Amino acid sequence: MRSTKRTLALALAGLLLAACGHKDKDAPLAFVPADTPYVVANLDVLDDDTRAALLAQADAQMPAEVTQLRAAADEMAQKDPDTANLLRAFAKELDGKTVESFAQGAGLDLKGYSALYGLGLAPVLRFQLSDTDAFGAFVGRLETAYGKKLDVANLDKQSYRRHVSAATGTQLILAVVGKQAVAAILPADASQPLLRQALGLDRPAQNLQDDGRLAKLAKAKGYEKWAVGELDLTRALPLAASGKDPLFNALLKARAQAESAKTGEPVANQLQIPPSCQADATRIASRVPELSFGYTRLEAKHQDMRWDVSLASDISQAFSGLKVDLPGLGATQTTSPFEFFLGLPVAQVRAFWSAQADAVAAKPFTCPALTDLNDTFAKLGQNMQKAAIPPFGDLLGLGLSLDSFSPGQANAMPQFTGRLVLGTSNPAGLLAMGQMMTPALAQLKLTADGKPVALPPTLANMFGQPAWLAMGPKSLGLGIGAGEDGKLADALKAPVGNAGQMLRMHLSGQMYLDWVTLMQQKADSLASAAAALAKDDAVSAEDQADKTAAEARTKAQFDAMRAQAARIESIDADARVDDHGLTITSQTTLK
């Protein structure tokens, strides 16, 4: 009896373990090669409330996205009119719809799993479907708006549609495979093995789901499972430079053919890639091996993200333990609607980049496409020597805090109040240089106690409001606007940077909207000035189409930014270097 119970217990435990370890063999990640150079996928699905909040944000930006798609289509119309028409057809399918209504109409499962990944450099998107018939109907509507049927092909009884772009030497394929939609951009003459793997007819020898690399990455970096992305530059860059990637070669050949038609340069000459290019690409990738990102918090009112840039050990070690003496960089409480603090320790930066310039001089790049880097690093080394000269060589960083900001009307200067803080290892020397260049400053008597001293009227009048200057042990500060003298004194006492901290930023939603308004005003002014200068010049139809498309795209971008700003309460960001590389975090609070 005891033996029977033990057997039953072991059997039950085995079933439970099997259930816990079960993986869907047809999940999107099961089709992703373990050695893919890039991937973005969800490892879990969102709860209904968070999904609804994210969809509301996406819906607010949808009109601008549609406008950008149409502008992109207009821009490519001269060179690739057929693809431009297909892009317009897709924009029409999105126009006037919410993300959820589009997904329902296309049969896309918003509660399912998806993955975007590379077969080599060729992008493949797999998306679980809730209704395969609805996806077929979506493609039918796309064809109707496009004005003709997409080509239909079959491979081992698997049907797929394809659109070929002669201008780029590529093809877009669309298919329903099982309960998933598959979209991929492949070479126009893609080999059968590549097509089979893109469609999922052949599985990779090792897949990312079984490999678990993405799940391990998420755990190591603290990413939540809703969206995790990785770009492996040690795979991607050498692959592009090797001349062995089918998609890269197709794009390169199409570009060479277009160049040959203009200049007569033989296509074969342009396609030659020396072996040194792969070696140089591998060398570059070893300095920045990987980029990754993921959400660390995702709720209806809070969206926190983290980006990681892995760096070679000598890069990390140069900055990971460094504490930058910039007041405000290490502050944890915000005091102004806009705060931006950047650590720029010139002495350490100069030593680092000088070492990089020396390394390139000792071993120059030999790939023809990269030899310009040799001159760039040579000039960089020369500039780093000049950077040692005070006062620039004493610089530690800078910080800007704005308490108010209003864009000026027409071309008028914007109005603002706030504080500028310069971190420097020699504030007295910087002040003395300023007094030599500006005699009106010579009458100011500053001590390193942080007490503000009012600027003479001749200088304050430049700002149209009162202004003060103050000096700390390793900083100089400027306050502009009524009441900023008291805030300036506190600003010079604010916490300096923590170990490895290089950047801190805070932005309120209203200030974000004000900045967007200013940028749009400047963009409009530049466009008007350019149009006035060129009004008498002959403009080709192609150039005019490009100009119109660029203007529409710019307007759409500002519309999207404005829609986003309207929903934001605040955005905070931080960047720091540790032993593993550079980490950038952001926290967005929504209204």
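Residues numbered from 1 in each chain as written. Predicted model: local features only at pLDDT ≥ 70, side-chain atom pairs only at ≥ 80, totals over all residues. Heavy atoms only, no water.

Caption draft 1: A look at the layout of surface pockets. Quantified by volume, the second largest pocket comes out at close to 690 Å³. Lining the second largest pocket are 24 residues, with Arg287, Ile315, Phe352, Trp353 and Gln356 sitting closest to its centre. Among the elements that make up the lining of the second largest pocket, the one with the highest residue count is helix H14 (residues 346-362) (7 residues). (1 Å grid on protein atoms, 1.4 Å probe; cavity = no way out; pocket = protein on both sides within 12 Å on 5 of 7 lines; lining within 4 Å. Points joined across faces, edges and corners; volume = space filled by probe spheres on them. Helix = DSSP H or I, 4+ residues; strand = E, 2+ residues; numbered from the N terminus.)

Caption draft 2: Broad picture of the environment of Gln197. Along the polypeptide, Gln197 turns up in helix H6 (residues 192-199). Between the C-alpha atom of Gln197 and that of Val32, which follows or precedes it by 165 residues, the distance is 9.4 Å. For Gln197, the contacting residues outside a window of four places in its chain are Pro33, Leu119, Asp202 and Pro204. (Contact = heavy atoms within 4.5 Å.)

Caption draft 3: Structural context of the packing of helix H3 (residues 81-94) against helix H5 (residues 132-146). Running from N to C, H3 and H5 point in directions that differ by 125°, and their axes come no closer than 8 Å. Relative to H5, the element H3 lies oblique. As for the relative orientation of H3 and H5, their crossing is right-handed in sense. Taken together, the residues of H5 that come into contact with H3 (itself represented by Asp82, Asn85, Leu86, Ala89, Phe90, Lys92 and Glu93) are Phe138, Arg141, Leu142, Ala145 and Tyr146. (Axes fitted to C-alpha atoms, helices over the stretch in contact; angles between N-to-C directions. Parallel < 35°, antiparallel > 145°, perpendicular 65-115°, else oblique. Left-handed = near helix turned anticlockwise from the far one by under 90°.)

Caption draft 4: Broad picture of the environment of Ala281. Looking at the element boundaries, Ala281 is found in helix H12 (residues 275-287). Each C-alpha atom of the pair Ala281 and Leu231 lies 15 Å from the other, and the pair is 50 residues apart in sequence. When near neighbours in sequence (up to four residues on either side) are disregarded, Ala281 contacts Leu237, Pro238 and Ala241.

Caption draft 5: The arrangement of the state of the cysteines in detail. For the structure on display, the rule yields 1 disulfide. Disulfide partner of Cys277: Cys367, at an S-S distance of 2.0 Å. Taking the sign of the S-S torsion, about 80° here, the bridge from Cys277 to Cys367 comes out right-handed. Of the two residues, Cys277 sits in helix H12 while Cys367 sits in the loop between H14 and helix H15 (372-386), which places them 90 residues apart along the sequence. (Disulfide = S-S within 2.5 Å.)

Caption draft 6: Quick peek at the side chain of Gln180. With respect to the element layout, Gln180 can be found in strand S7 (residues 180-187). By relative accessible area, Gln180 is classed as buried at 5%. Here the side chain of Gln180 touches Arg126 through a polar contact of 2.9 Å, side chain to side chain. In this view, Gln180 contacts Asp26, Ala27, Pro28, Phe31, Arg126, Phe127, Gln128, Leu129 and Ala175; residues no more than four positions away in its chain are not counted. (Buried < 20%, exposed > 50% of the residue type's maximum accessible area, 1.4 Å probe, protein only. Polar contact = N/O pair within 3.5 Å; in protein donor to acceptor, adjacent residues only side chain to side chain.)

Caption draft 7: Structural detail: the pattern of salt bridges. A complete count under the given rule lists 25 salt bridges for this structure. In this structure, Asp574 engages Arg576 in a salt bridge whose closest nitrogen and oxygen atoms are separated by 2.8 Å. The structure contains a network of salt bridges with shared partners spanning Asp403, Arg419, Glu484 and Lys487. (Salt bridge = Lys/Arg side-chain N within 4 Å of Asp/Glu carboxyl O.)

Caption draft 8: H12, seen in detail. Buried within H12 we find Ser276, Cys277, Asp280, Ala281 and Ala285. Where H12 is buried, its residues touch helix H9 (233-242).

Caption draft 9: Looking closely at the confidence of the model for the chain. Across the chain, pLDDT averages 90, with 93% of residues at or above 70. Every residue in residues 1-21 scores below 50 in pLDDT, and together they form 0 contacts with partners more than four places removed in sequence or on other chains. (pLDDT = per-residue confidence, 0-100.)

Caption draft 10: Representation of the packing of aromatic side chains. Taken as a whole, this structure holds 7 aromatic pairs when the rule is applied. Taking the centre distance of 6.2 Å and the plane angle of 80° together, the rings of Phe90 and Phe102 count as edge-to-face. Of the two residues, Phe90 sits in helix H3 while Phe102 sits in helix H4 (residues 99-106), which places them 12 residues apart along the sequence. Relative accessible area serves as the criterion here: at 12%, Phe102 is assigned to the buried category. Seen from their ring centres, Phe338 and Trp515 are 5.7 Å apart, and the 55° between their planes marks the pair as tilted. You can see Phe338 sitting in strand S11 (residues 338-343) and its partner Trp515 sitting in helix H19 (residues 509-533), a full 177 residues away along the chain. Overall, the relative accessible area of 25% leaves Trp515 in the partly exposed class. Among the aromatic residues, ring-to-ring pairing joins Phe90, Phe102, Phe135 and Phe138 into one connected group. (Phe/Tyr/Trp six-rings, centres within 6.5 Å; stacked < 30°, edge-to-face > 60°.)

Caption draft 11: Structural context of H19. The end-to-end C-alpha distance of H19, which contains 25 residues, comes to 36 Å, matching closely the 36 Å that a straight helix rising 1.5 Å per residue would cover. Within the sequence span of H19, burial applies to Gly509, Met511, Tyr512, Asp514, Val516, Leu518 and Gln520. (Expected span 1.5 Å × (residues − 1).)

Caption draft 12: Here's a closer look at the nonpolar core. If you look at the biggest cluster of nonpolar residues, it comprises 31 residues, and the most contacted ones within it are Leu29, Val39, Tyr117, Tyr160, Ile173, Leu186 and Leu214. Those elements giving two or more residues to this core turn out to be strand S1 (38-41), strand S2 (114-119), strand S3 (122-128), strand S4 (151-155), strand S6 (170-177), S7, H6 and helix H8 (213-221). Counting residues per element, this core draws most heavily on H6, at 4 residues. Filtering out sequence-adjacent residues up to four positions away, Tyr160 remains in contact with Asp151, Val152, Ala153, Asn154, Leu155, Ile173, Leu174, Ala175, Leu195 and Leu199. (Core = buried A, V, L, I, M, F, W, Y, C linked by side-chain atoms within 4.5 Å.)

Caption draft 13: Broad picture of the side chain of Ser320. Counting through the fold element by element, Ser320 comes out in the loop between helix H13 (313-319) and S11. According to the relative accessible area criterion, Ser320 is buried, its value standing at 15%. A distance of 3.5 Å separates polar atoms of two side chains, one belonging to Ser320 and the other to Asp579.

Caption draft 14: Here's a closer look at a nonpolar patch on the surface. Where nonpolar side chains cluster on the molecular surface, the patch consists of Val40, Leu116 and Leu125 and spans about 200 Å² of accessible area. One can find Leu125 in strand S3. (Patch = residues over 30% accessible without salt bridge, like charges linked within 9 Å, V, L, I, M, F, W, Y side chains within 5 Å. Areas by Shrake-Rupley, 256 points an atom, 1.4 Å probe, with all protein chains shown as cover.)

Caption draft 15: Focus on the environment of Glu484. Mapped onto the fold, Glu484 is located in helix H18 (residues 484-491). Each C-alpha atom, one on Glu484 and one on Asp403, is 9.0 Å from the other, the two residues being 81 residues apart in sequence. Not counting the four nearest positions on each side in its chain, Glu484 is found in contact with Asp403, Thr417, Gly418, Arg419, Trp468 and Gly479. Side-chain polar atoms of Glu484 contact the side chain of Arg419, separated by 2.7 Å.

Caption draft 16: Summary view of the packing of H14 against H15. Packing of H14 against H15 leaves a shortest axis separation of 8 Å and a crossing angle of 145°. Judged by the twist between their axes, the crossing of H14 over H15 is left-handed. Mapping the contact onto sequence places Val349, Arg350, Trp353, Ser354, Gln356, Ala357 and Val360 in H14 and Asn374, Phe377, Leu380, Gly381 and Met384 in H15. Per-class residue counts for the contact of H14 with H15 are 7 nonpolar, 4 polar and 1 charged. (Nonpolar A, V, L, I, M, F, W, Y, C, P; charged D, E, K, R; others polar.)

Caption draft 17: Looking closely at the pairing of strand S18 (residues 568-578). Where strand S17 (residues 501-508) and S18 come together, 7 bridges link them in antiparallel fashion. Residue Leu503 lies in a different strand from S18, and its bridge partner there is Ala575. Bridge count between S18 and strand S19 (residues 581-590): 10 bridges; the pairing is antiparallel. By the bridge assignment, Asp572 is partnered in S19 with Gln587. As consecutive antiparallel partners, S18 and S19 are separated by 2 residues. (Pairing = 2+ DSSP bridges.)

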